Amino acid sequence: MTQAQGYAATSPSSPLAPFSFERRAPNPQDVALDVLYCGVCHSDLHTARNEWKNTVYPSVPGHEIVGRVTAVGDLVSKFKVGDVVGVGCMVDSCQHCSACAEDLEQYCENIFTGTYNGPEQGTGANTYGGYSSHMVVRESFVLKITHSDADLAAVAPLLCAGITTYSPLRQWKVGPGQKVGIVGLGGLGHMGVKIAAAMGAHVVLFTTSESKRADALRLGAKEVVVSKNDAEMAAHTNSFDFILNTVAAAHNLDAFLALLKRDGTMTLVGAPDSPHPSPNVFGLIMKRRRLAGSLIGGIKETQEMLDFCAQHGIVSDIESIRMDQIETAYSRMLKSDVKYRFVVDMATL
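How each quantity is defined
Residues numbered from 1 in each chain as written. Predicted model: local features only at pLDDT ≥ 70, side-chain atom pairs only at ≥ 80, totals over all residues. Heavy atoms only, no water. Patch = residues over 30% accessible without salt bridge, like charges linked within 9 Å, V, L, I, M, F, W, Y side chains within 5 Å. Areas by Shrake-Rupley, 256 points an atom, 1.4 Å probe, with all protein chains shown as cover. Salt bridge = Lys/Arg side-chain N within 4 Å of Asp/Glu carboxyl O. Helix = DSSP H or I, 4+ residues; strand = E, 2+ residues; numbered from the N terminus. Buried < 20%, exposed > 50% of the residue type's maximum accessible area, 1.4 Å probe, protein only. Core = buried A, V, L, I, M, F, W, Y, C linked by side-chain atoms within 4.5 Å. Contact = heavy atoms within 4.5 Å. Expected span 1.5 Å × (residues − 1).

A. Local environment of a nonpolar patch on the surface. Residues Val 281, Phe 282, Ile 285 and Met 286 make up a contiguous nonpolar surface patch of roughly 450 Å² in combined accessible area. With respect to the helices, strands and loops of the structure, Met 286 is situated in the loop between α9 (281-285) and β15 (290-293). For Met 286, a relative accessible area of 62% gives the class exposed.

B. How the structure looks around the nonpolar core. One finds Leu 33, Val 40, Tyr 131, Leu 169, Ile 195, Ile 326 and Tyr 330 to be the most contacted residues of the largest nonpolar core, which totals 87 residues. If we ignore the near neighbours within four places in the chain, the residues touching Ile 195 are Gly 162, Thr 165, Tyr 166, Leu 169, Phe 308, Cys 309 and Ile 314. In terms of nonpolar packing, the next biggest core, distinct from the first, is built from 15 residues, Met 233, Ile 243, Leu 253 and Phe 256 among them.

C. The arrangement of helix α5 (residues 187-198) in detail. An ideal rise of 1.5 Å per residue puts 16 Å on twelve residues; α5 measures up with 17 Å between its terminal C-alpha atoms. Among the twelve residues in α5, ten count as buried, and that is most of the element. All of the buried residues along α5 are Gly 187, Leu 188, Gly 189, His 190, Met 191, Gly 192, Val 193, Lys 194, Ile 195 and Ala 196. Positive phi appears at Gly 200, one or two residues downstream of α5, with a value of about 100°.

D. Structural detail: the environment of Ser 239. Along the chain, Ser 239 turns up in the loop between α7 (230-234) and β13 (240-245). Each C-alpha atom of the pair Ser 239 and Gln 178 lies 9.7 Å from the other, and the pair is 61 residues apart in sequence. Discounting residues that sit within four places of it in the chain, Ser 239 has contacts with Lys 179, Leu 259, Leu 260 and Lys 261.

In structure tokens:
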């Protein structure tokens with residue numbers, strides 16, 4: 001065992017505070033890494049405050065992790081000491097169900113092991129995440145990072161926000177000649193715009209705020225539609241091949257479904273804390289439109305996403321913070337006061 005330092009919540013109402021705990025010594029198939037940077041995801045806040053009613057305390061959040069390898073087990077073949085690596089939302093899965101066999105560990109039929117809030121495969125122990133000094137992770141859930149050292153902090157959010165948007169864009173074969181909508185320009189939406197544009201699509205950003213227009217165009221959108229403007233929305237009726245909806249608040253889906261072509265798909269990746277109003281079934285059946293959902297990506301696809309982003313020079317737009325600023329960051333996240341992702345410099349732990 002090794003002694004780790006981190007930041008943890010000990011109850012739904014307690015602020016995150018310094019926390020000491022033990023990590024396992026590396027097994028033969030494990031990679032040990034020092035955490036360099038950890039992105040701050042809205043899921044971290046939900047978990048720390050038990051908003052999903054499943055938190056095991058003490059809770060050490062963090063699943064957008066960039067680190068440097070410090071040790072490898074005897075059976076590790078893909079990584080060596082000194083490598084820069086990533087760890088995302090999962091650190092294990094059952095490895096034998098049909099989903100795992102198809103490299104879709106995020107849909108593991110026996111539930112994947114989250115990077116934090118466990119339970120660990122085999123032992124059922126709680127897992128502790130990336131708001132910590134170091135980690136020990138099974139080799140098959142560690143990812144290779146090829147971005148430059150100068151970009152490493154901004155790479156961290158790719159491990160969640162990047163793959164959450166890349167996976168549905170890839171699944172529905174977004175590419176040149178397609179008109180693609182991205183709903184919302186937050187931590188997920190800004191990555192959706194960058195990735196869809198790099199895939200060659202004509203990207204339209206939907207926002208409720210006119211103030212987002214310039215930024216959306218800077219990030220790669222070709223058009224911006226203020227969704228509260230009925231005329232702007234109506235001008236795009238029946239014209240989209242695909243819409244990626246990143247908004248994590250309940251809203252009327254019919255307004256966006258009406259913009260899809262026949263056989264078009266809208267995929268939801270935002271997770272509101274109350275249900276969306278049920279869509280009008282005729283908006284779906286009259287044009288054979290599809291409403292779908294998507295959850296992060298498997299390890300193989302996450303590596304593909306990292307390689308794609310490195311090739312195209314894509315990173316997240318971030319604001320770097322110290323570890324002791326995490327509660328302030330949470331408060332600002334709730335006000336959407338960040339462009340577009342906080343990342344903790346773990347040297348400040």
